Structure formats: structure tokens, C-alpha cells
Amino acid sequence: MVMLIKTDNKCDTGLERPVSSGPILSMRAIVKRFGVFAALSGVDFDLEAGEVHVLFGENGAGKSTLIQIMAGVLQADEGEYRLLSQTIANATPARMQHAGISAVFQEFSLIPEMTVTENLFLGRELMRFGRLDKAAMRKATVAILAKLGFLLDPDARIVSLRRAHKQMVEIAKALLHDAKVMIFDEPTASLADQEAAALFDLIETLRHQGLGIIYITHRMAEIDRLADRVTVLRDGYKICTLARAEISHPTLVKSMTGRSFETFYPKISRTPSSTAVDVKGLSAANGLVDRVDFQIRRGEVLGIAGLAGCGKSELIRAIYGLEKITDGTIWLDARSVENPTPSAMLGRKLCYFPSDRATEGLSMRQSLGWNATIAALDDDAFSQGRLWIRHRAERDFAQRMIARLNIKTRGVHVPVEGMSGGNKQKVLLSRGLSRELDIYLFDEPTVGVDVQAKVEIYNFIKELTEAGKAVVVCSSDMAEIIHISHRLLVMRNGRIVAEMEGEDISEEALVSSFFDRPSDQSRALQAQSAGKE
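Trainee: How should the overall build of the protein be read in this particular structure?
Mentor: Looking only at helices and strands, the protein has 18 helices and 24 strands in total. Out of the 533 residues belonging to the protein, those deemed buried represent 51%. For the protein, the share of sequence-separated contacts (at least 6 apart) that also reach a separation of at least 24 residues comes to 67%. Approximately 24,300 Å² of the protein is accessible, and the part contributed by carbon and sulfur atoms is 50%.

Shown next as C-alpha cells:
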């Protein structure tokens, strides 16, 4: 299957892009592949001194890959990268930092057992008379935190901080450099409104000082507040670059979601029947699930969508017993579940497929057969008295899964670490067929897999649903969640803010719910929720 995408570098706005002065950073025809998957395909990008240039696109569009190349974390396979008119080759994070690029990534690079001050000055410690000048470093830490408006103890250890405070430390750490280019990757994802406002004021100051700022966000309000230009990426392609006069919400949404994936998605028949799971007032200790009510029904796909940090993954993890529950009840087939654990939920015919297959889903050095059957070792089909493994049964099951899910492998005894992302994911999914199950919770089931593997995973979901199973899919892929969901919940700040069904599920309604612009339907739901409280 071949997909063609228009990449003419100009959106349909009727306005001409203004002529640019010399860029401080320039990238031309950047290509980055991970195996057969092309994360970036001939992307152009430039940044001028004294501007905020927003990178915009869905998860998986290539934004993070592009900024990692800028910061020296990744190397481009093809293309030219120039900084201050100098061609960059063999970049490393240390070299790019020294050259004047500071980055605040979503994934933190902090040492948990060290203090805030120690993390800020790690690798660039201040010295006095041949010894660490701890007083000077602490004074500088207090100053930068005060400038940012971040209320943090400079002596606190990172391990004791909540995520929002760790985000603040990362931002402060980046700003200690003598930077010419600042990269912010979703910097407000964990910040309160007051903290975010202080960051916006700082970015305005940095812009007036002549820094070039690259800013990744999904939030329309932040684009309205900060952006001088916006570059839209989609599926690894540059779709367009918009000047400030061209930026509008409809144009951004159309550019981000303009593709049509109808041919990729199977038609999944919906035959809703009994309620498999009924959740009432559920809250989690991590604070990312707050008094959530919803039902999972057999014979339909329930989608859960939301931006990073909305709580969708934590919700289904709490149901499976991976997140501590502080309040609320879970009813499974009209029987309450007290303190769920993964083993107990498997015993109740409910399973969960994690988004991070490498660290939570698969044992990379173990074989395909081992990984496919590990969740069913308490079943007599695969073990004798739970003491001896039935290796022939394990092998036969793995062979059936290879054929059924079209897993590309050299054999059932081959370790999964050498497989592609799509084949690893299908090995993980095969566990759902290794024992009798009724309820399937999928967390980002197609993350990092190619188009063909996606189609095969969607067909797997279709097969389960039409067999009368209850299926939940949490996904950050907007097109995916729209096309495969019969019912769709939208989460924001740990709560369900919208519920859509059938023809009411649309890109416009979903984007409105994502970006704090509620539709009539979500406003009604919020009012109803407020009435309950």
C-alpha cells in the first residue's frame, strides 16, 4: 500500500509567506529512518534569531525526531544541517550544547538521587580554589528559579519531586547555558497555569534578547500567545510553514489532520450487549485519574483520547491494578473488584497491553514462544501442575500465532529483540489469545509500527470485537481513534470531558475537546458532571 502526501510547503490560506532574513538554524531535506520506518522524509526547517517557531503535528508526525537531530541526540541519515552558517556533522548532545543549543525534552535527564542544584550544574560545576563552590552554585540556582517563578527547594532531591517540579528543573537547567537556540518540547504539559504564565513571560524576554526558540505544543492558546511561525509535520513530511498572519485554528487543524485513512481501517461491526466493566468515581494515587465514571460494553470498541498527561493510560492501568486506586469502585460483570492486581484481573478474564512493549510488555532476550505464552502459565494447556512447562504446547501455539497474526520471524525460539516494532507488537498481542479472555485494554496499540502492521492490528481488534469481546483502545493517533471507535471518551486533566458516539465522533469535536474549546456536547457533559458534585 502506498500513501501519497502533498508537501508543497504552503497551506491553503491565500497569503504569501514573507521573505526571511538569514536563519540562525537551517535544515534541508532531512531524512531519518528507523529500519524500514521513515520518521522524517525530506524535511526542511529554519529558525531565525528572535522568533518563536512552533512545530505542530500529531503524535508520531516526526516533531521529536527532528528536534533530537537538532540537539545531537540523533543523526540524520540524509540532508544538511547548518547552525550559524556552519555545517554540522557528527553532532553529539555535548557538542550541540557547546555550540549554543539547549533543549527541554519531554523525557527528563535528571539524576534522581541528586539535588536540584546538583542536577542544574552537573557537568559544569563551579570551582573555587580547586574545590566545588557549592555556595555559588546554590546561589545561582536560587536566582534562576526566582527568575522563572518556580517555587522549588534548591536542596530537594529529584526523587522526592512530583512530575511538574521535575519539569521545572529541566527548564531551569536548559536556561543556565549560554544558549543561542532554545528547544521546548511540550514544556507546559505538567505545569499549573501560574507556572506556565511565568514561562511564557520568560520566552517573550528570550525572544526580545535575540534567541531563536523552537516550541512544540498541541495547545492552540499557546500558539496564539507565542508563535511567530508554525511548521506543520504529518507522518514525517513537512506539510507547510505558516507566518503569524496565516495562522488560524481551522488552518492548523486541517493541516495536521488532513489525511484520509478510510482505506486503512476495517469496518468493525457493532453489537453492544452487556456491560463488562462499570467504573464509578475512580481516582488514582498518581493524581492523573480524578473521579472518573464510565462503562465498557461487550461487542463494541470504546476509544479513549486526550493529550499527553491527560490520564487516559493511567485510567486503564488503574483498572488492571498497575496504578494504586484511592477512591471509587470497579464492577466487573456486576461483581465488585477490591484492590485489583494484574494476576487477579487476568483470572477475571481481563487483560492489558502496555504502550511501552520494550520495558513493560516483552522480555527482549526471551523467545517468541516464551513471550507469547507467559501470561497463561497457570493454564493447564501450557503447564503441568504449574511446575513443568509444556514446551510442545508452547511451540504449537506460537506457530499458530505466527500464521494468524502474520508475524515475520525466523522461528519460535528466536529472541524478540531482533524483530521490527510491528512484529514485536504482534507477539505481545498474541498473549491475548493464549487464554480465555473477555475484556481487552489496549494502550497505544500501534505506536511505532508501520502501516501494514497497523492494518493487521486493526483487523485483530475487529476480530475480537465481532466475537463479542469488550475492547478499549487508548490512542494518541487522532485518525486512528476516530476510525476504530464506536464510542469515544475524551480525557483532560484526569477527567472525562466529552463522550461521543457513532456519527458524532469527528476531528472537529475531538480537537475542540483537546484544546479547551468545548463543543456543545462536552459543555453539556461538564455541566452534568458539575451537577453531580
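Trainee: Help me out: how do you make sense of the confidence of the model for the protein in this one?
Mentor: Close reading of the predicted structure is inappropriate where its pLDDT is low. The predicted model of the protein averages 84 in pLDDT, with 88% of residues at 70 or higher. Note that residues 1–9 has pLDDT below 50 and, in this model, 20 contacts with residues that lie over four places away or in other chains. Contacts from residues 12–20, a stretch scored under 50 in pLDDT, to residues over four places away or in other chains number 15 contacts.

Trainee: What am I meant to see in the sheet that holds strand E13 (residues 275–284) here?
Mentor: Backbone-to-backbone hydrogen bonds pair the strands of a sheet. The strands run either parallel or antiparallel. Taken in spatial order, the four strands make up an open sheet running E14-E13-E16-E17, and their pairing is antiparallel. Both edges of this open sheet fall to strand E14 (292–297) and strand E17 (335–337), since each of them pairs with a single strand only. The sheet shows a mean angle of 20 degrees between the axes of neighbouring strands, direction not considered. Of the pairings in the sheet, the one linking strand E16 (residues 325–332) to E17 comprises three bridges and is antiparallel in character. Residue pairing across strands places Trp 331 opposite Ser 336, the latter belonging to E17. Most of the contacts of helix H9 (residues 312–320) go to E13, to which it runs at about 110 degrees, and overall it touches E13, E14 and E16.

Trainee: Please explain the nonpolar core as it appears in this structure.
Mentor: In this structure, Phe 294, Phe 442 and Leu 510 are the most contacted members of the largest nonpolar core, which totals 131 residues. In this structure, Leu 510 is in contact with Ala 305, Met 478, Ile 481, Ile 482, Leu 488, Val 490 and Met 500, ignoring residues within four places of it in sequence. Of all hydrophobic cores here, the second largest spans 25 residues; its members include Ile 30, Val 43, Leu 66 and Ile 67.

Trainee: Whenever I open this one, the environment of Leu 191 confuses me. Can you help?
Mentor: Looking at where Leu 191 falls in the secondary structure, it is placed in the loop between strand E9 (181–185) and helix H6 (193–208). The class for Leu 191 is buried, based on a relative accessible area of 11%. For the pair Leu 191 and His 165, spaced 26 residues apart in sequence, the C-alpha to C-alpha distance is 8.1 Å. Aside from chain neighbours lying at most four places away, what touches Leu 191 is Ala 164, Gln 167, Met 168, Ile 171, Ala 196 and Leu 199.

Trainee: What exactly am I supposed to notice about the sheet that holds strand E23 (residues 487–492) here?
Mentor: If you walk across this open sheet you meet the six strands as E18-E21-E22-E15-E23-E24, and the pairing is mixed. This sheet does not close on itself; its edge strands, each paired only once, are strand E18 (350–353) and strand E24 (495–501). Between one strand and the next, the sheet's axes are offset by a mean angle of 15 degrees, whatever the strand orientation. Sheet topology note: the strand E15 (residues 301–305)/strand E22 (residues 470–474) ladder contains four bridges and is parallel. For Gly 303, the partnering residue across the bridge sits in E22 and is Val 473. Each of E15, E18, strand E21 (439–443), E22 and E23 is contacted by H9, which is oriented at about 145 degrees to E18, the strand it contacts most.

Trainee: Where do I start with the side chain of Asn 371 in this structure?
Mentor: By the secondary structure assignment, Asn 371 is in helix H12 (residues 368–373). The exposure class assigned to Asn 371 is buried, which follows from its relative accessible area of 0%. Every residue in contact with Asn 371, bar those within four places of it in the chain, is listed here: Leu 362, Ser 363, Gln 366, Val 416, Val 427 and Arg 431.

Trainee: Whenever I open this one, helix H14 (residues 421–430) confuses me. Can you help?
Mentor: Each α-helix winds once per 3.6 residues, and so residues spaced three or four apart point in a common direction. For H14, the tally of buried residues reaches nine of 10 residues, placing the bulk of the element in the interior. Residues of H14 that are buried include every one of Gly 422, Asn 423, Lys 424, Gln 425, Lys 426, Val 427, Leu 428, Leu 429 and Ser 430, and no others.

Trainee: It is not clear to me how the packing of aromatic side chains should be interpreted in this structure. Could you clarify?
Mentor: The geometry of two aromatic rings is summed up by the distance between their centres and the angle between their planes. Under the defined criterion, the tally for this structure stands at seven aromatic pairs. Aromatic side chains Phe 184 and Tyr 215 sit 6.2 Å apart centroid to centroid with 45 degrees between the ring planes, which places their arrangement in the tilted category. Note that Phe 184 is positioned in strand E9 and Tyr 215 in strand E10 (residues 212–216), a separation of 31 residues in sequence. Accessibility expressed as a relative area gives 0% for Phe 184, which makes it buried. Ring centres of Tyr 320 and Tyr 352 lie 5.6 Å apart, and the angle between their planes is 35 degrees; on these two criteria the pair is classed as tilted. Note that Tyr 320 is positioned in helix H9 and Tyr 352 in strand E18, a separation of 32 residues in sequence. Of the residues examined, Tyr 320 reaches a relative accessible area of 9% and is grouped as buried. Members of the aromatic cluster, each reached through a chain of ring pairs, are Phe 353, Tyr 440, Phe 442 and Phe 460. Over the ring of Phe 34 we find Lys 32; its NZ or CZ atom is 5.4 Å from the centre of that ring.

Trainee: How do you make sense of the pairing of E10 when you look at a structure like this?
Mentor: Consecutive residues of a regular strand have side chains that alternate between opposite faces of the sheet. The buried count for E10 comes to five of five residues, which makes it a mostly enclosed element. Side chains Gly 212, Ile 214 and Ile 216 of E10 all project onto a buried face; the interleaved residues Ile 213 and Tyr 215 project onto the opposite face, where all are buried too. Across four bridges, strand E3 (residues 52–56) lies against E10 in parallel orientation. In the strand pairing of E10, Val 52 is matched with Ile 213. Sheet topology note: the E9/E10 ladder contains five bridges and is parallel. The residue bridging Ile 183 from the neighbouring strand is Ile 214, located in E10.

Rules behind the numbers
- Residues numbered from 1 in each chain as written.
- Predicted model: local features only at pLDDT ≥ 70, side-chain atom pairs only at ≥ 80, totals over all residues.
- Heavy atoms only, no water.
- Helix = DSSP H or I, 4+ residues; strand = E, 2+ residues; numbered from the N terminus.
- Buried < 20%, exposed > 50% of the residue type's maximum accessible area, 1.4 Å probe, protein only.
- Contact = heavy atoms within 4.5 Å.
- Areas by Shrake-Rupley, 256 points an atom, 1.4 Å probe, with all protein chains shown as cover.
- pLDDT = per-residue confidence, 0-100.
- Pairing = 2+ DSSP bridges.
- Axes fitted to C-alpha atoms, helices over the stretch in contact; angles between N-to-C directions.
- Core = buried A, V, L, I, M, F, W, Y, C linked by side-chain atoms within 4.5 Å.
- Phe/Tyr/Trp six-rings, centres within 6.5 Å; stacked < 30°, edge-to-face > 60°.
- Lys NZ or Arg CZ within 6 Å of the ring centre and 35° of its normal.

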